[in-house]
Amino acid sequence: MTVLSSRPDLWTLDPDVLHLNHGSYGAVPRRTQEVMAGLRAEMDANPMVWFRTVADRLTTSRLELAAYLETDPAGFALVPNASAGVTVALATLPIPAGSRIVLTDHTYGAVRYAAERFAKANQAEVVIVGIPLEADDETVVSLIAERLDGASVLIVDQITSGTAKVLPIDGLVKAAHERGVPIVVDGAHAPALIDAPAAAGADFWTGNFHKWPAAPRATAGLVVAEQWRSATMPLIVSWSEYEERMPERFDMQGTYDYIPWIAAPESLRVLAALDWPTRRPQLTALVEEGARILAKSLGTGVAEVVHPPATMRLVELPSSVDLSGGDALKMRISRELKAEITFTGFEERKFIRLSAHAYNSPADYQKLSEGLPKLLA
Ligand SMILES: Cc1ncc(COP(=O)(O)O)c(C=O)c1O
């Protein structure tokens, strides 16, 4: 097997910093930044010409992004982020008074807020299903399925954020549809980590290109099942209000910065040039070994998550670590250790959610393991 080398040279990340949290805001490769800079120069040289050409450029980009997801382009729209994708889904689906919006205790906080807003507006109720970290696929499906009575919507993560767990979307789509419940899949972390992530036939699927595919920020996709397409409207009312085709309805959102959407396919080409299908399992090995070394240095363990995603692992924090100061500890680590990491939690447990991307190498995890225990002591 060819061992692919780490490629920090393809990014512009500060080499003095350990970048070990790709999962939050991604990182844009140099080549995509250059494409964006070229587009920005074009836009600012003649804004009138630029905005006359935006629609065609968006069509080209949208078709490329839909092909990458292996999804029907007629049901694929561009949205700024997964939060927007979930909000559009909740604004489209009927939520009768007295019905339930079903989530899990792994649901991303902002998505739970969206569910709460729509529940309140419709006199519905939010129901949160508890899923143990150690639950296998069958258990996940049955725990959720048994709470679907009276549900108007089920929202599930494809890869959970705080707990880095892959949920069994095929089984959940089946369980929801057998009970006549529409399902919204929050695939914020799925593109580039799961192949054809929208293939299971959810009513709505949304996912970020600005995380693992390293696209410019504010680039996400929304995949809508055929029966909902005519009713699905963008959050901003603009000139495409009466456009018949759903994808085009989402393209023009008033005067807006369309450059990230237009440049996003360049990041897919960077990933292809990095031989992503071969590299991804190597990143899995890298993050697993990195998590093992870090856990050893902290005297803890790597959380035993059933179905962890390809490039993220949870390292248990010692129970003595106090995270009550919000970002204070992360800022101290950033300042004193020059390391960017993130903390998450579940029930009473606290974790470092460690990641690996093509710019990481074993030395990154080694350096973190050497410095972090002293700082947490
Ligand atoms: C599961 C999940 N859903 C939604 C989001 C929100 O993504 P965005 O900030 O791009 O809207 C995230 C972000 O990390 C996430 O992990």
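Here, every reference points to the structure presented above.
Computed from a prediction, not measured in an experiment: that's the story for all the values here.

Conventions we followed
Each chain has its residues counted from 1, running along the sequence as written. Owing to the predicted nature of the model, reporting of local features is limited to residues with pLDDT of at least 70; listing and counting of side-chain atom pairs is limited to 80 or more, with chain, interface and lining totals taken over all residues. Only hydrogens and water are removed before side-chain values are computed, so all heavy atoms of the structure are retained for them. Here the term buried applies to any residue with accessible area under 20% of the maximum for its type, exposed to any over 50%, and partly exposed to those in between, with areas from a 1.4 Å probe on protein chains only. Each helix is a run of DSSP H or I of at least 4 residues and each strand a run of E of at least 2, with the numbering of both proceeding from the N terminus. A pair of strands counts as paired when DSSP detects no fewer than two bridges linking them. To define axes, lines are fitted to C-alpha atoms, for helices over the stretch in contact only, and angles between the resulting N-to-C directions are given on a 0 to 180 degree scale. For a helix, the expected span equals 1.5 Å multiplied by the number of residues minus one. Arc, as used here, means the arc of the directions from the helix axis to the C-beta atoms. By definition, residues are in contact when any of their heavy atoms lie within 4.5 Å. As defined here, a cavity is a set of points on a 1 Å grid over the protein atoms alone where a 1.4 Å probe fits but cannot get out. A pocket is an open set with protein on both sides within 12 Å along at least five of seven lines, and residues line them when an atom is within 4 Å of a point. Grid points are joined across faces, edges and corners, and a volume is the space filled by probe spheres set on the points. Three classes are used: nonpolar for Ala, Val, Leu, Ile, Met, Phe, Trp, Tyr, Cys and Pro, charged for Asp, Glu, Lys and Arg, and polar for all others, with Gly counted as polar. The start and end points of each domain follow an automatic or database-based domain assignment. The nonpolar core is taken to be a set of buried Ala, Val, Leu, Ile, Met, Phe, Trp, Tyr and Cys residues, with the residues joined through side-chain atoms within 4.5 Å. In these notes, residues near a molecule or strand are those with any non-hydrogen atom within 4 Å of it. Two N or O atoms form a polar contact when they lie within 3.5 Å of each other; inside protein one atom must be a possible hydrogen donor and the other a possible acceptor, and for residues adjacent in sequence the pair counts only when both atoms belong to side chains. Computed by Shrake-Rupley with a 1.4 Å probe, the accessible areas treat only the displayed protein chains as cover when residues are assessed. Any molecule with more than half of its atoms within 2 Å of a cavity's or pocket's grid points is regarded as sitting in that cavity or pocket. By convention, orient the strands away from the viewer: a clockwise path from the first strand over the helix to the second makes the crossover right-handed. Convention used here: angles under 35 degrees read as roughly parallel, angles over 145 as roughly antiparallel, angles from 65 to 115 as roughly perpendicular, and any remaining angle as oblique. Throughout, a crossing is termed right-handed when the near helix is turned clockwise from the far one, and left-handed when it is turned anticlockwise from it by less than a right angle.

## Notes on helix α4 (residues 82-92)
- In terms of residue burial, α4 counts as a mostly covered element, since nine of its eleven residues are buried.
- Residues of α4 that are buried include every one of Ala82, Ala84, Gly85, Val86, Thr87, Val88, Ala89, Leu90 and Thr92, and no others.

## So, the sheet that holds strand β3 (residues 100-104)
- Strand order in the open sheet formed by seven strands is β2-β8-β7-β6-β5-β3-β4, with mixed pairing between adjacent strands. Of all strands in the sheet, those with a lone pairing partner are β2 (76-79) and β4 (125-129), marking the two edges. Sheet twist, expressed as the average angle between the axes of neighbouring strands with direction ignored, equals 20 degrees.
- With four bridges joining them, β2 and strand β8 (residues 220-224) adopt antiparallel strand pairing. The residue of β8 that forms the bridge with Phe76 is Val223.

## Description of helix α2 (residues 30-45)
- Relative to the 22 Å expected for 16 residues at 1.5 Å per residue, α2 spans 22 Å between its end C-alpha atoms, a close match to the ideal helical length.
- Listed in full, the buried residues belonging to α2 are Thr32, Met36, Leu39 and Met43. Each buried residue of α2 lies within a common arc of 65 degrees when the element is viewed along its axis, so the set occupies one face. Opposite the buried face of α2, by more than 90 degrees, sit the exposed residues Asp44 and Ala45.
- Here the buried face of α2 lies against α3 (47-69) and α10 (259-273).

## Quick look at the sheet that holds strand β9 (residues 312-316)
- One open sheet holds the three strands; their spatial order is β9-β12-β11, and the pairing between them is antiparallel. Sheet topology places β9 and β11 (342-346) at the edges, where each strand pairs with a single neighbour. Across the sheet, the axes of successive neighbouring strands diverge by a mean angle of 40 degrees, strand direction being ignored.
- Here β11 runs beside strand β12 (residues 349-355); their pairing, made up of five bridges, is antiparallel.

## Overview of the layout of surface pockets
- Each pocket or cavity is described by its volume, and for the largest pocket that value is around 750 Å³.
- Lining the largest pocket are 36 residues; nearest its centre among them are Asn21, Gly23, Ser24, Tyr25 and Lys211.
- Where the lining of the largest pocket is concerned, the elements lending two or more residues are α1 (22-25), α4 and β11.
- Considering every element that reaches the lining of the largest pocket, the biggest residue donor is α1, with four residues.
- Residue composition of the lining of the largest pocket, grouped by class: twelve nonpolar, 16 polar and eight charged.
- Viewed by domain, the lining of the largest pocket spans two of them, domain 1 (8-28 + 275-376) and domain 2 (32-269), each represented by three or more residues.
- Counted as a void, the second largest pocket has a volume near 300 Å³.

## Structural notes on the nonpolar core
- Membership of the largest hydrophobic core comes to 48 residues, with the highest contact counts inside it found for Phe76, Ile144, Leu148, Leu154, Val156, Leu172 and Ile183.
- Setting aside residues no more than four positions away along its own chain, Leu148 makes contact with Val102, Leu154, Ala175, Ala176, Arg179 and Val181.
- Counting residues in each nonpolar core, the second largest holds 41 residues, with Trp276, Leu294, Ala310 and Val315 among its members.

## What to know about the site of the ligand
- Taken together, 13 residues lie near the ligand, and Ser83, Asp186, Asn208, His210 and Lys211 sit nearest.
- Take His189: an N or O atom from its side chain is 3.1 Å from an oxygen atom of the ligand.
- Here Lys211 contributes a side-chain N or O atom positioned 2.7 Å from an oxygen atom of the ligand.
- Within the complex, the protein chains bury 88% of what would otherwise be the 390 Å² of accessible surface of the ligand.
- The pocket occupied by the ligand, as judged from atoms lying within 2 Å of grid points, is the largest pocket.
- Its residues assigned to classes, the shell around the ligand shows four nonpolar, six polar and three charged.

## Some words on the pairing of strand β6 (residues 183-187)
- The element β6 is largely enclosed, with a buried count of five among its five residues.
- Going residue by residue along β6, you find Ile183, Val185 and Gly187 tucked away on one face and Val184 and Asp186 tucked away on the opposite face as well.
- Each parallel crossover has a hand, and for strand β5 (residues 151-157) linked through helix α7 (residues 169-178) to β6 it is right-handed.

## Concerning the packing of helix α6 (residues 137-145) against α7
- Where α6 contacts α7, the axes come no closer than 9 Å and their chain directions differ by 25 degrees. Taken together, the axis directions place α6 and α7 in an arrangement best described as roughly parallel. For the pair α6 and α7, the sense of crossing is right-handed. Here Val140, Val141, Ile144 and Ala145 of α6 come into contact with α7, specifically with Gly171, Leu172 and Ala175.
- The residue makeup of the contact of α6 with α7, split by class, is six nonpolar, one polar and no charged.

## Section: the packing of helix α11 (residues 276-298) against helix α13 (residues 362-376)
- It is the contact of α11 with α13, at a shortest axis distance of 9 Å, that shows an interaxial angle of 20 degrees. Taken together, the axes of α11 and α13 lie roughly parallel to each other. Two packed elements cross with a definite hand, and for α11 against α13 that hand is right-handed. Judged by residue contacts, Leu286, Gly290, Ile293, Leu294, Ser297 and Leu298 of α11 engage Pro362, Tyr365, Gln366, Leu368, Ser369, Leu372, Pro373 and Leu376 from α13.

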